[in-house]
Amino acid sequence: MVRFNIKAYLDDRALTIYRVSKVSGYGYTTIHRSFNKVQTTATSLNLRDLDALARAQHMEMWQVLRELEHHYLNDEDESEQNN
């Protein structure tokens, strides 16, 4: 499973979960639960989350995904991919 550091992405873009949920139209609780999973500092990403991030920034989903893939992959996943 590929994991992205969503919290770092939000911080780097001065986004809050509240703003993402408000602009995207997805519920705050839904986005909050998805972006704040306790098992790691990174969270898995689903299409709803990707759509929410894209809408909040007036971008296309592929642009957000490309940015996440290039700069926000969890280090553990990168080491697994290299093996």
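The residue numbering used here restarts from 1 in each chain and proceeds along that chain's sequence as written. It should be noted that, the model being predicted, local features are given only for residues of pLDDT at least 70 and side-chain atom pairs only at 80 or more, the latter also being counted only at that level, while totals for whole chains, interfaces and linings use all residues. Side-chain metrics in this entry use all non-hydrogen atoms of the structure; hydrogen atoms and water are not considered.

## Topic: the packing of helix 2 (residues 17-24) against helix 3 (residues 28-35)
Put simply, the test is: Interaxial angle, 0 to 180 degrees, is taken between N-to-C directions of lines fitted to C-alpha atoms, where a helix line uses only the stretch in contact. Secondary structure elements follow DSSP: runs of H or I of four or more residues count as helices, runs of E of two or more count as strands, with numbering from the N terminus. Every angle not falling under 35 degrees, over 145, or within 65 to 115 is termed oblique; those three ranges are roughly parallel, roughly antiparallel and roughly perpendicular. Left-handed is the label given to a crossing in which the near helix is rotated counterclockwise from the far helix by less than a right angle, and right-handed is the label when the rotation is clockwise. A contact between two residues is defined here by any heavy atoms of the two lying within 4.5 Å. Residues are grouped as follows: nonpolar covers Ala, Val, Leu, Ile, Met, Phe, Trp, Tyr, Cys and Pro; charged covers Asp, Glu, Lys and Arg; every other residue, Gly included, is treated as polar.
Running from N to C, helix 2 and helix 3 cross one another at 135°; their axes reach a closest spacing of 9 Å. Taken together, the axes of helix 2 and helix 3 are oblique relative to one another. Between helix 2 and helix 3 the crossing geometry is right-handed. Judged by residue contacts, I17, Y18, V20 and S21 of helix 2 engage Y28, I31, H32 and F35 from helix 3. Considering only residue class, the contact of helix 2 with helix 3 consists of six nonpolar, two polar and no charged.

Scope: geometric values only; no functional claims are made or implied.
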